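For reference, the chains in residue letters:
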Amino acid sequence: MFLVGLDTTIVNVGLPTIGADLSAGTRELQWIVDAYTLVLASLLISSGALADRFGRRRVFQLGLTLFGAASLACALAPSAGALTVARAVQGMGASMLSPVALAIVVNAMPDRTERARAIGVWASVFGLSMATGPLVGGALLTGPGWRSLFWINAPVIVIALVLSAVFVPESRSPRPRRLDLPGQVLLIAAIGLWVGVLIEGPRIGWSSPLALAGYACAVTVTAAFGWTEVRRRDPLMEPGLFRSLQFSGAALGAVAVFVALNVTLLLNTLYLQQARGWTPLAAGASVLPLAAGATVCAPLSGWLVGRFGARPPLLLAGGFLTVGGLCLVGLDPHTSVPLLLTAYLLIGTGVGFANAPLTNTAVSGLPPAQAGVAGAITSTARQFGAALGIALAGALVTGVAPAALAHATRPGWLLTAACGLLLLLVANAPPKKNT
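Here the structure is a predicted model, which means the values were calculated and not measured. (Residues numbered from 1 in each chain as written. Predicted model: local features only at pLDDT ≥ 70, side-chain atom pairs only at ≥ 80, totals over all residues. Heavy atoms only, no water.)

So, on to the side chain of Ser 42. For Ser 42, the location among the structural elements is in helix α3 (residues 26–54). Take Ser 42: its relative accessible area is 3%, and that puts it in the buried class. Polar side-chain contacts of Ser 42 include one of 2.8 Å to the backbone oxygen of Leu 38. For Ser 42, the contacting residues outside a window of four places in its chain are Gln 184, Leu 187, Ile 188 and Ile 191. (Helix = DSSP H or I, 4+ residues; strand = E, 2+ residues; numbered from the N terminus. Buried < 20%, exposed > 50% of the residue type's maximum accessible area, 1.4 Å probe, protein only. Polar contact = N/O pair within 3.5 Å; in protein donor to acceptor, adjacent residues only side chain to side chain. Contact = heavy atoms within 4.5 Å.)

Between α3 and helix α10 (residues 181–204), the least distance of the axes is 10 Å, while the angle of their chain directions is 160°. In terms of axis orientation, α3 runs roughly antiparallel to α10. The interaxial crossing formed by α3 with α10 has right-handed handedness. The residues of α10 that touch α3, namely those facing Arg 27, Gln 30, Trp 31, Asp 34, Leu 38, Ala 41, Ser 42, Leu 43 and Ser 46, are Gln 184, Leu 187, Ile 188, Ile 191, Gly 192, Val 195, Gly 196, Ile 199, Glu 200 and Arg 203. Its residues placed into classes, the contact of α3 with α10 shows nine nonpolar, six polar and four charged. (Axes fitted to C-alpha atoms, helices over the stretch in contact; angles between N-to-C directions. Parallel < 35°, antiparallel > 145°, perpendicular 65-115°, else oblique. Left-handed = near helix turned anticlockwise from the far one by under 90°. Nonpolar A, V, L, I, M, F, W, Y, C, P; charged D, E, K, R; others polar.)

Turning our eyes to something else, we now look at the packing of helix α4 (residues 56–75) against helix α9 (residues 153–167). Here α4 crosses α9 at 165°, and the two axes come no closer than 9 Å. When the axis of α4 is compared with that of α9, the two are roughly antiparallel. The chirality of how α4 crosses α9 is left-handed. Where α4 abuts α9, its residues Arg 57, Phe 60, Gln 61, Leu 64, Thr 65, Phe 67, Gly 68, Ser 71 and Leu 72 lie against Asn 153, Ala 154, Ile 157, Ala 160, Leu 161, Ser 164 and Ala 165.

Below is the structure:
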C-alpha cells in the first residue's frame, strides 16, 4: 500500500526536471501524472472483483509483477509519450493491489471496533506514502536523477512478492460477482473524458467546438454508465448503495479529500520550484508537516471511529482542511515559510482524520464477502479525486509565467477550502441503512 500511494505523488516533485529532460510542457506533465491515477481509478472495482473470484493473493502477486515491469519501463522511457504509456500500465498493476490489501484487513478483523482501528493504521500507511512521496522524490532527484523515481520500486516489489508468498493466505469470496465488462468500458471512458477535457481545456479553449463536444461526450457516457448499471444483474457499482446519503457522502468525501491533497501537492511543487527557485529536495521537504499530520492523525482517527463513530473525525477533517486552504488564498511570491508550513500541517491533519471514517463507512456498506469490491469502491473515489485534483490544478497554471504563478494558484487554495466544507456537510449527513 505504501508503494501504491508513493507512486501517486513521488513524480510530482520531479515534474520540472522531467519536463526539461523530455521537452514536455505542463499539459504533457499532467498526463504523465494522471495516466497512472486514471487507469488506477478505472480498474480498481474490476480488480477487486477478480480478486474475490480467482484469489486475492494470486491477483495481488500478478499486480506486483505488472507494477514492477511497468516501473522499469518508466525508468527507461525515451520520451514523454512513452513515459505516459508506461505510467498507465503501472496504474493497471496498482489497481490489483489496493482493494486486495483492504480486503485482507476487513476479513481478518470481523469485530467492528478492531476493524475501525485496523483501517486507521491502513489509512495511516497510505496517507504517509502519499504525503512523503515528494520528499523521497526530492532526495532522489538531488542524487541519481528522475529515472531513479522508478528504479526504487524494483527491490520493494521483489521483497513484497516473497513476503506475500510466505505470509499472505489465499482467500476468495464464496459468492463472487460476475465481471461487468460494459460497465467497466463505460467507466474508463467517463473518467478519461472528464479528466481529459480538464487537462486539454487550456490548449483547445474552454468554449471551443472541440471542448463543447468533449463536454457532451462526457455527459453522454456518464449517463450511459448509469443506465447500464441499473440494468445489470451484477453491476460494476451497485446503484442501490448510492440511495443511502451516508454511503454517497462517504464516496463524495473521499473524492474531495484527494482533490484537496493533490491540488496542494502539485501547486506546492510548481510554486516553490518555479516561482521561488527552491531545489526539488527543499520543495519535497516542505511537505513534511503535511506528512506528519496525515501519519499521526490517521490511527487516531481510526480509534475515534471505533469509539465514537465517524462524525467526530470527519468534523475535525473538514475543519482542518478548510482552515489550511484559507491560509493560502492570499499566496504571493514572498509568502512566509512559517505560514506555508502551517497550512501544509493543517491540510495534512485534515487528510489524516478523513480517510478512516470515510473508508469505514464505505466498507460497512457492503457485505464482507465482497470485501474486494468494497475496498475498490472507496479506492476508486480516492484515485478519481487524485486525477481530478491534478487536472484542476494544472488547468490553473498552464501557460502561466513563473512571476504570476503564485497569484494563479489562489483559486486552487479556495478549492481546497471548499473540499473541507464539503466534508463538514458529509459529517452531518443523517445516517441511513442501505437497502
